[in-house]
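Chain by chain, the residues run as shown.
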Amino acid sequence: MVAISKPPIELFFSKPSKPTNHNPLSFPTIPLIDLSKSDSKHLLVKACQEFGFFKVVNHGVPMQFINKLESEATKFFSSPLSLKQKAGPPNPFGYGNRRLGQNGDFGWVEYLLLNAKLDSDHKNPPFSVFEENPEDFQCVVNDYVTAVKKMTCEILELLADEMELKPRNVLSKLLMDEQSDSVFRVNYYPPCPELQEPETKGKKLIGFGEHTDPQIISVLRSNNTSGLEISLKDGSWMSVPPDSSSFFINVGDSLQVMTNGRFKSVKHRVVANSSKSRLSMIYFGGPPLSEKIAPLDSLMVGEEASLYKEFTWYEYRKSAFNSRLSDNRLSLFEKIATS
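Per an unreviewed UniProt entry, the protein chain is named gibberellin 2beta-dioxygenase, and its organism is Cynara cardunculus var. scolymus. For the record of the protein chain, the UniProt heading Function (unreviewed entry) holds the text "Catalyzes the 2-beta-hydroxylation of several biologically active gibberellins, leading to the homeostatic regulation of their endogenous level. Catabolism of gibberellins (GAs) plays a central role in plant development. Converts GA9/GA20 to GA51/GA29 and GA4/GA1 to GA34/GA8." Listed in UniProt under the heading Sequence similarities (unreviewed entry), the comment for the protein chain reads: "Belongs to the iron/ascorbate-dependent oxidoreductase family. GA2OX subfamily."

Listed below in structure tokens is the structure:
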């Protein structure tokens, strides 16, 4: 067995941030959308256009599903490393530690990457490490993913209603398809006492480096430890206050393309904490591998030209996985404007 050396701690720190003109009171407010209210459709579209990111409440996902999964995930990440490593390395699913992908990205994070398909033919290899009752963890994940997927499809259909897209399920059907390439990820950011001194010098310990999500939509829930940051239009970073009872939604690259740039895929990152652990659970709603990704015909107005070349989800996923986290992945698929 070959021992893999740990990357030095310095590799995980960001460069000192450039000063900005923002003070905490001048930062914009994260859009908050109550899914039970009649104006939610309008607010959802507005948030996707202006932010590409928003928070939802009254989402319908039972708190017992959320709490049970958090409890089971915490138990797993608290296990001895030797046990966790039995669930890895991810290929493509499984347990990972520090290394993010195969292109030189690292983060102060441990994670479980799981198949979001719920039928028995797509069992996740990592569940076997839950030696006592692996089926219990499978059930906990299934309950959570089923409820979150339902909420996500409702959000996509509300967006379609407000934009007058036909059929109403033009977006949600891609997640409901049997071949949907959706994945589920649990990230654990352990506390890092070594963070305190570099932080005083303007550096931050990067748990997960800056990136956009390549899928259609991402749905995140975390415990009450801060760390998530989103990039604003001027390039500055804004911390997102945690809320363990709500969900945060990201527009993905694919949805940006399908709306011909009307919706914005927001760049985000996670910074680690010196004293508290952070646990986040993310459902990435993806289309089938063979699905062609292009601006929706029903959205194109008059002589509006497509900003993007048509591609399949398989082609874009492959391109994204072969890139660095911080790369502008969509740039390879943008059409060059001609005068």
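There is more to say, and it comes next.
Asker: Is there a simple way to explain the sheet that holds strand β3 (residues 94-100) in this structure?
Answerer: Backbone hydrogen bonds are what pair the strands of a sheet, in a parallel or an antiparallel way. In spatial order, the strands read β1-β2-β10-β7-β12-β5-β4-β3; together these 8 strands make up an open sheet with mixed pairing. Only two strands of the sheet have a single neighbouring strand rather than two, namely β1 (32-34) and β3. Shown here is a sheet whose adjacent strand axes are inclined to one another by a mean of 25 degrees, direction ignored. In this sheet, strand β4 (residues 105-115) lies alongside β3 in antiparallel orientation, the contact comprising 6 bridges. Considered in β4, the bridge of N97 is made with E110. Sheet strands in contact with helix α2 (residues 63-77) are β3, β4, β5 (183-189), β7 (217-222), β10 (247-251) and β12 (278-285), and its direction is about 115 degrees off that of β12.

Asker: What should I look at first to understand empty space enclosed by the protein in this one?
Answerer: Enumeration over the complete set of coordinates arrives at 1 cavity of 30 Å³ or more. Computed from the structure, the largest cavity encloses a volume of approximately 40 Å³. Around the largest cavity sit F53, S218, V219, L220, L228, F248, N250, H268 and I282, which together line it. Take the lining of the largest cavity: its biggest share by element is 3 residues, from β7. Looking at the lining of the largest cavity residue by residue, the classes come out as 6 nonpolar, 3 polar and no charged.

Asker: Would you mind going over the confidence of the model for the protein chain with me for this structure?
Answerer: For the protein chain, the average pLDDT comes to 86, and 83% of its residues sit at 70 or higher. Least confident of the elements in the protein chain is helix α6 (residues 196-200), whose mean pLDDT is 54; most confident is helix α7 (residues 253-258), at 98.

Asker: Any chance you could explain the packing of aromatic side chains here in plain terms?
Answerer: Centre-to-centre distance and the angle between the planes together describe a pair of aromatic rings. Tallied over the full model, the rule gives 10 aromatic pairs. Seen in terms of ring centroids, W313 and Y316 are 6.4 Å apart; in terms of plane orientation they differ by 50 degrees. Their pairing is tilted. One end of the pair is W313 and the other is Y316, both in helix α8 (residues 313-321) and 3 residues apart, which spans about a single turn. Of the two residues, W313 and Y316, neither departs from the other in class, the shared state being buried. Ring pairing ties together the aromatic residues F76, F77, Y95 and Y188, which thus form one cluster. Lying over the aromatic face of W108, R98 brings its terminal NZ or CZ to 4.1 Å of the ring centre. Its end group placed over the ring of W237, R269 keeps NZ or CZ at 4.3 Å from the ring centre.

What counts and what doesn't
Residues numbered from 1 in each chain as written. Predicted model: local features only at pLDDT ≥ 70, side-chain atom pairs only at ≥ 80, totals over all residues. Heavy atoms only, no water. UniProt positions renumbered as here; feature names shortened; annotations may be inferred. Pairing = 2+ DSSP bridges. Helix = DSSP H or I, 4+ residues; strand = E, 2+ residues; numbered from the N terminus. Axes fitted to C-alpha atoms, helices over the stretch in contact; angles between N-to-C directions. Contact = heavy atoms within 4.5 Å. 1 Å grid on protein atoms, 1.4 Å probe; cavity = no way out; pocket = protein on both sides within 12 Å on 5 of 7 lines; lining within 4 Å. Points joined across faces, edges and corners; volume = space filled by probe spheres on them. Nonpolar A, V, L, I, M, F, W, Y, C, P; charged D, E, K, R; others polar. pLDDT = per-residue confidence, 0-100. Phe/Tyr/Trp six-rings, centres within 6.5 Å; stacked < 30°, edge-to-face > 60°. Buried < 20%, exposed > 50% of the residue type's maximum accessible area, 1.4 Å probe, protein only. Lys NZ or Arg CZ within 6 Å of the ring centre and 35° of its normal.

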